[in-house]
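# Analysis of the macromolecular model
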Amino acid sequence: MTVIEVRGLVKRFGPATAVDDLSFSVGAGTVTGFLGPNGAGKTTTLRMLLGLVRPTSGQALIWGRPYRELGDRRKRVGAALETSGIHPGRTVAGHLRVRCAARGAGRSRIGAVLEETGMSELAGRRAGGLSLGERQRLGLAGALLGDPEVMILDEPANGLDPAGVLWLRGFLRRLGDQGRTVLVSSHILAEVAQFADRAVVLDRGRLVSAGPVAELVKAARRAVTVRSPRAEALRSALTAEGATVRTAGPGRLEIDGLDAEQVATLAAALGIPIFEMTTDAGSLEQAFLRLTATEGRPG
Amino acid sequence: MTSALHAEFLKLATTRLVAAMTGLAVALTALIGVLEAVTAGTGTGMAIPSLATADGLRDNLAATGFALLVAALLGVAVTSGEYRLKTATDTYLDQPGRGRVLAAKAVAAAAAGAVLGTAAAATATGIAFGFAASRGYPLALPGPDIARYAGGTVIASALLAAAGAGAGSLIRHQVGATIAVVAWGLVVELVVGATVTTVGRFLPYTAAAIMAGDTNGGGMPQIPRGVAALPYPAAAGVLAAIAVAIAVAAALTTVRRDVA
């Protein structure tokens, strides 16, 4: 069942087009990474989905309706956006009490969400004294208040230290395991690869790819790399077999089009010694860089 | 609407904004009230008449002029502060009905303004009574008049705070909104009131100050000479109408804008 649906979404700010005819959907119970370089339109898209930014055209729907029209079901959508502020003079618990009141919800879950986000000991601290990572956790705590079926998170890893990133990975995995539908934008692709089932990749406001993370990674799989004292002889043989071969250093070749077993078998048949052979397993990062062609582009 | 109201009142209860602005209003009222009381009847500079007279006592009771301005700024902070601190995102995530949020903020600001006005009125009244008593003067005004001025300060503070909430929505930039409100109260109304006296009585800050006891050519800041006071209920009506008009203008324009 489709929970989030974006159809032909366009957002222009004056002459600049931030989101350009974007369409994708997110199914129930999936964890979807929302990826793209800086300025790709991720945050703007999430804000349109949550009714904070008005689309120029197109639709961004949750359960088939705009966020503003969800009624009571809106309480089952939790969101933490990167640019959300927290009043510095309000305590952690006070902030959550205000959010409960605004949502028309009881305060019964405040303890539970503080526990879940590791913020229990900071409940009485004023938000102005929190680190960026603690503020991120508080944002996530706020998103969890309604025990949401759908969570929309914008760059939740920003400001987290390595331990925090590790915690976030587990946190997002738990959300997925609990059957929640999660759409999460992130720059930390290695992390996304570990918790996301699917990925939606944007570049310059346009969709460049959407599908299972495993398929994206597979598509990004790069060459078999070999090191041989008879590299040129091996190159000729591989080329004759239809492979694409590039020089990757002295005596080193990078081969596309044949897998490691095929390369090794061919080399053995020709009596060409191989000193080293590696297969690049591919990564979401490589897939992202290829899809968005951002290698070498300033972020 | 109930949850929006509950949230807005809770927001005010969980920060120091109201206490800080009330403190500022009390301090300004005390400063002006004491200066006026000390110099009353001396005939020097802008000294008010003796506290033994009805005019002198009324002027001293109306030392709340700057407190009224602070009440408007409290309202500005209630709304524009959400944009300065970027808390508007969570506010509109939790309550997507922006008109409803603005209405709730105006009501909460009015309540906070009433608290501020009560503190300012109590300060001014305490100073006027204290100085009059210390000099052995009997109260030169009847009790109902004194209550009317104090009540005027409370009601005017509440309505100006609500109008300030609208202004803070109309001008999202808090510093810009603050400057606009201060400039309006201290410059625009004085200039317009002094040049077009028939219009001056309908200006919000002038109407508020008159409710608090200021008179033609009196008060701090001074009501322009030649501005005839509106009847008390009419002044309250003008203030309420202006607060509603600003809120409606904001609801139809800036409140609908994207929340970045």
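Keep in mind it's a predicted model, so treat the numbers as computed, not measured.

### Quick look at the overall build of chain B
Looking only at helices and strands, one finds 11 helices and zero strands in chain B. Helices and strands in chain B line up, N terminus first, as α-α-α-α-α-α-α-α-α-α-α. Against the globule reference of 18 Å for 260 residues, chain B gives a C-alpha radius of gyration of 19 Å, in line with a compact fold. C-alpha atoms of chain B, sized along the principal axes, occupy 60 × 40 × 30 Å. Taking all 260 residues of chain B together, 55% fall into the buried category. Once local pairs closer than 6 in sequence are excluded, the contacts in chain B between residues at least 24 apart make up 79%.

### Here we look at the overall build of chain A
Along the backbone of chain A there are 10 helices and 13 strands. With the principal axes as the frame, chain A shows a C-alpha extent of 75 × 45 × 35 Å. The buried share among the 299 residues of chain A stands at 42%. When contacts within chain A are restricted to residue pairs at least 6 apart in sequence, long-range pairs at least 24 apart make up 68% of them.

### Examining the sheet that holds strand β7 (residues 181-185) of chain A
All names here are of chain A. Sheet architecture is open: six strands sit in the order β5-β6-β7-β3-β8-β9, paired in mixed fashion. Because the sheet does not close on itself, it has two edges, and the strands there are β5 (77-80) and β9 (206-212). Direction aside, the axes of adjacent strands within the sheet are offset by 15 degrees on average. On top of the sheet, helix α1 (residues 42-49) reaches β3 (31-35), β6 (150-154), β7 and β8 (198-203); it is set at about 145 degrees to β6, its chief contact.

### Here we look at the interface of chain A and chain B
Each side of the interface is counted separately: chain A has 25 residues, and chain B has 22 residues. Sorting elements by how many residues they give to the side of chain A that touches chain B places helix α2 (residues 92-103) of chain A first, with seven residues. Residues of the side of chain A that touches chain B, tallied by class, amount to 10 nonpolar, nine polar and six charged.

### Focus: helix α2 (residues 17-39) of chain B
All names here are of chain B. Here α2 contains 23 residues, and its C-alpha end-to-end distance of 33 Å stays within 8% of the 33 Å for a straight helix at 1.5 Å per residue. Looking only at α2, the buried set comprises Val 18, Met 21, Thr 22, Ala 25, Val 26, Leu 28, Thr 29, Ile 32, Gly 33, Glu 36 and Ala 37. Considering only its buried residues, α2 is in contact with α1 (2-13), α3 (54-61), α4 (65-84) and α6 (98-134). Just beyond α2, the residue with positive phi is Gly 41, at close to 80 degrees.

### A few points about the nonpolar core
Ranked by internal contacts, the top residues of the largest apolar core, which has 166 residues, are Leu 68, Val 70, Leu 74, Leu 116, Leu 159, Ala 161 and Leu 239 of chain B. Among the elements that take part in this core, α6 of chain B stands out by supplying 20 residues, more than any other.

### So, the sheet that holds strand β1 (residues 2-13) of chain A
Residue and element names in this part refer to chain A. Taken in spatial order, the three strands line up as β2-β1-β4 in an open sheet, and their pairing is antiparallel. The open sheet has two edge strands with one neighbour each: β2 (16-27) and β4 (57-62). In this sheet, neighbouring strand axes are inclined to one another by 15 degrees on average, regardless of whether the strands run parallel or antiparallel. Examined bridge by bridge, β1 and β2 share eight bridges and lie antiparallel to one another. Looking across to β2, one finds that Leu 9 is bridged to Leu 22. Packed on one face of the sheet, α1 meets β1, β2 and β4 and runs near 115 degrees to β1.

### Digging into the domain arrangement of chain A
Many authors give the size of an interface as the accessible area that is lost as the parts come together. Structurally, chain A comprises domain 1 (2-212) and domain 2 (224-280). Distance between the C-alpha centres of domain 1 of chain A and domain 2 of chain A: 46 Å.

### Examining the confidence of the model for chain A
Looking at chain A, pLDDT values average 87 and 93% of them are 70 or higher. Least confident of the elements in chain A is helix α10 (residues 284-292) of chain A, whose mean pLDDT is 70; most confident is β4 of chain A, at 95.

### Concerning unusual backbone geometry
All names here are of chain A. In this model, Trp 63 sits at a positive phi of 50 degrees, which is unusual for a non-glycine residue. Examined against the element boundaries, Trp 63 turns out to sit in the loop between β4 and β5. Its identity as a non-glycine residue notwithstanding, Glu 155 has a phi of 50 degrees, on the positive side. Residue Glu 155 is classed as buried on the basis of its C-beta count, with 20 C-beta atoms lying within 10 Å.

### With respect to helix α10 (residues 204-211) of chain B
Residue and element names in this part refer to chain B. Buried residues dominate α10, accounting for eight of its eight residues. All of the buried residues along α10 are Pro 204, Tyr 205, Thr 206, Ala 207, Ala 208, Ala 209, Ile 210 and Met 211. If you follow the buried residues of α10, they end up packed against α4, α7 (143-170), α8 (174-195), α9 (197-200) and α11 (232-252). A positive backbone phi angle near 115 degrees is found at Gly 213, which sits one or two residues after α10.

### Focus: the pairing of strand β10 (residues 224-227) of chain A
Residues and elements named next belong to chain A. Side chains Val 224 and Val 226 project from β10 onto a buried face, and the interleaved Thr 225 and Arg 227 project onto a face without burial. Pairing geometry for β10 and strand β12 (residues 252-256), over four bridges, is antiparallel. Bridge pairing links Arg 227 to Arg 252 in β12. Pairing analysis gives four bridges linking β10 to strand β13 (residues 276-279), with the strands arranged antiparallel. Looking across to β13, one finds that Thr 225 is bridged to Thr 278.

### Focus: the packing of α10 of chain B against α11 of chain B
All names here are of chain B. Packing of α10 against α11 brings their axes to within 9 Å, and their N-to-C directions diverge by 145 degrees. As α10 runs across α11, the sense of the crossing is left-handed. Across the interface between the two elements, Pro 204, Ala 207, Ala 208, Ile 210 and Met 211 of α10 pack against Tyr 232, Ala 235, Ala 236, Val 238, Leu 239 and Ile 242 of α11. In the contact of α10 with α11, the residues fall into 11 nonpolar, no polar and no charged.

Definitions and cut-offs
- Residues numbered from 1 in each chain as written.
- Chains lettered and ligands numbered in written order.
- Predicted model: local features only at pLDDT ≥ 70, side-chain atom pairs only at ≥ 80, totals over all residues.
- Helix = DSSP H or I, 4+ residues; strand = E, 2+ residues; numbered from the N terminus.
- Rg over C-alpha atoms; globule rule 2.2 N^0.38 Å.
- Buried ≥ 20, exposed ≤ 12 C-beta atoms within 10 Å, placed from the backbone.
- Contact = placed C-beta atoms within 7 Å.
- Pairing = 2+ DSSP bridges.
- Axes fitted to C-alpha atoms, helices over the stretch in contact; angles between N-to-C directions.
- Nonpolar A, V, L, I, M, F, W, Y, C, P; charged D, E, K, R; others polar.
- Expected span 1.5 Å × (residues − 1).
- Core = buried A, V, L, I, M, F, W, Y, C linked by C-beta atoms within 7 Å.
- Domains from an automatic or database assignment.
- pLDDT = per-residue confidence, 0-100.
- Left-handed = near helix turned anticlockwise from the far one by under 90°.

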